[in-house]
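# Observations on chain architecture
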Amino acid sequence: MDAILDGARINLDRVQVAADGTTWLWTCDISESGQPLMQRVDQPGQPGETLPVDYLVRWHGPLTPQRRPTTAAMYRRVLAVA
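None of the values given here were measured: they were computed from a predicted structure.

### With respect to the overall build of the protein
Regarding its fold elements, the protein presents 2 helices and 7 strands. In the protein, the succession of α and β elements from N to C terminus is β-β-β-β-β-β-α-β-α. Computed over the C-alpha atoms, the radius of gyration of the protein is 15 Å, more than 25% above the 12 Å expected from 2.2 N^0.38 for a compact globule of 82 residues. In terms of principal-axis extent, the alpha carbons of the protein reach across some 45 × 35 × 20 Å. In the protein, which comprises 82 residues, the share counted as buried stands at 30%. Nonlocal contacts in the protein, meaning residues at least 24 apart in sequence, comprise 34% of its contacts between residues at least 6 apart. One finds the centroid of the 8 positive side-chain charges in the protein at a distance of 15 Å from the centroid of its 9 negative side-chain charges.

Laid out in C-alpha cells, this is it:
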C-alpha cells in the first residue's frame, strides 16, 4: 500500500528510514485523522513509539525506503539488458 504525503509517495510495505536514521514500519492501522500509523523498529527489546506518518515526517524528517540487499537475480537482470 502507498501513502501520499505532500506529493511524495511512501511505500508502506517496506521499512522506512527517516532523515535522523530511525527506522519505521507501518502497523497496518490508520489514525483518526486518516494517516497511516508507523511504529519505530530500530530499538530491539523495547516497544517502539507509534506515530501518524505526517507527525513522523515533521519530527524525524523525510522518509526513504530501507535499502534491500542486491540479489543474484537482480545482477542477472541488469547484465542481460546491458
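### Thoughts on the sheet that holds strand 5 (residues 36–40)
Spatially, the 5 strands line up as an open sheet ordered 6-5-4-3-7, and their pairing is antiparallel. Across the chains shown, the open sheet's two edge strands, defined by having one partner strand only, are strand 6 (50–52) and strand 7 (63–65). Strand-to-strand twist in this sheet, taken as the mean axis angle between neighbours without regard to direction, amounts to 40°. Pairing analysis gives 3 bridges linking strand 5 to strand 6, with the strands arranged antiparallel. Counterpart to Met 38 in the pairing with strand 6 is Leu 51. Running at roughly 100° to strand 6, helix 1 (residues 53–60) makes contact with strand 3 (16–18), strand 4 (23–30), strand 5, strand 6 and strand 7 of the sheet.

### Quick word on helix 1
Working note: α-helix, 3.6 residues per turn, so residues spaced by three or four point in the same direction. Along helix 1, the residues classified as buried are Val 53, Leu 56 and His 60. Axial view of helix 1: buried residues confined to an arc of 55°, hence all on one face. The exposed residues of helix 1 that point more than 90 degrees off its buried face are Arg 58 and Trp 59. Phi turns positive one or two residues past the end of helix 1, at Gly 61, with a value near 100°.

### A short note on the environment of Thr 22
Secondary-structure assignment places Thr 22 in the loop between strand 3 and strand 4. As for Thr 22 and Ala 73, which are separated by 51 residues in sequence, their C-alpha atoms are 29 Å apart. Every residue in contact with Thr 22, bar those within four places of it in the chain, is listed here: Gln 16, Val 17, Arg 40, Asp 42 and His 60. A distance of 2.7 Å separates polar atoms of two side chains, one belonging to Thr 22 and the other to Asp 20.

### Let's talk about the pattern of salt bridges
Should their charged atoms come close, side chains of opposite charge can pair. The full count for this structure, using the stated rule, is 3 salt bridges. Of the charged contacts, one joins Arg 40 and Asp 42 as a salt bridge, the two residues approaching to 2.6 Å between their closest N and O atoms. The partly exposed category is assigned to Asp 42, whose relative accessible area is 29%. Across the pair Glu 49 and Arg 40 runs a salt bridge whose closest N-O atoms are separated by 3.8 Å.

The rules we used
All residue numbers here refer to positions counted from 1 along the written sequence of the relevant chain. Reporting of local features is limited, given that this is a predicted model, to residues whose pLDDT is at least 70; pairs of side-chain atoms are given and counted only at 80 or more, and all residues count toward the totals for whole chains, interfaces and linings. Values reported for side chains reflect all heavy atoms of the structure, with hydrogen atoms and water molecules removed beforehand. For helices the rule is a DSSP run of H or I covering at least 4 residues; for strands it is a run of E covering at least 2, with both sets numbered from the N terminus onward. Both definitions apply: the radius of gyration is a C-alpha atom measure, and the globule rule equals 2.2 Å times residues to the power 0.38. Partly exposed residues are those whose accessible area sits between 20% and 50% of the maximum for their type, while under 20% is buried and over 50% is exposed, using a 1.4 Å probe and protein chains only. Note on contacts: a residue pair is in contact if any heavy atoms of the two residues lie within 4.5 Å. Only four residue types enter the charge count, namely Lys and Arg as positive and Asp and Glu as negative; His and the chain termini do not. Note that the charge is assigned to NZ on lysines, CZ on arginines, CG on aspartates and CD on glutamates. Strands are treated as partners if at least two bridges between them are detected by DSSP. Helix axes are fitted to C-alpha atoms over the stretch in contact, other axes to C-alpha atoms as well, and angles between N-to-C directions run from 0 to 180 degrees. What the arc describes is the spread of directions from the helix axis to the C-beta atoms. The term polar contact refers here to a pair of N or O atoms within 3.5 Å; inside protein, the definition further demands a hydrogen-donor-capable atom paired with an acceptor-capable atom, and it admits residues adjacent in sequence only when both atoms are side-chain atoms. A pair is scored as a salt bridge if a Lys or Arg side-chain nitrogen falls within 4 Å of a carboxyl oxygen belonging to Asp or Glu.

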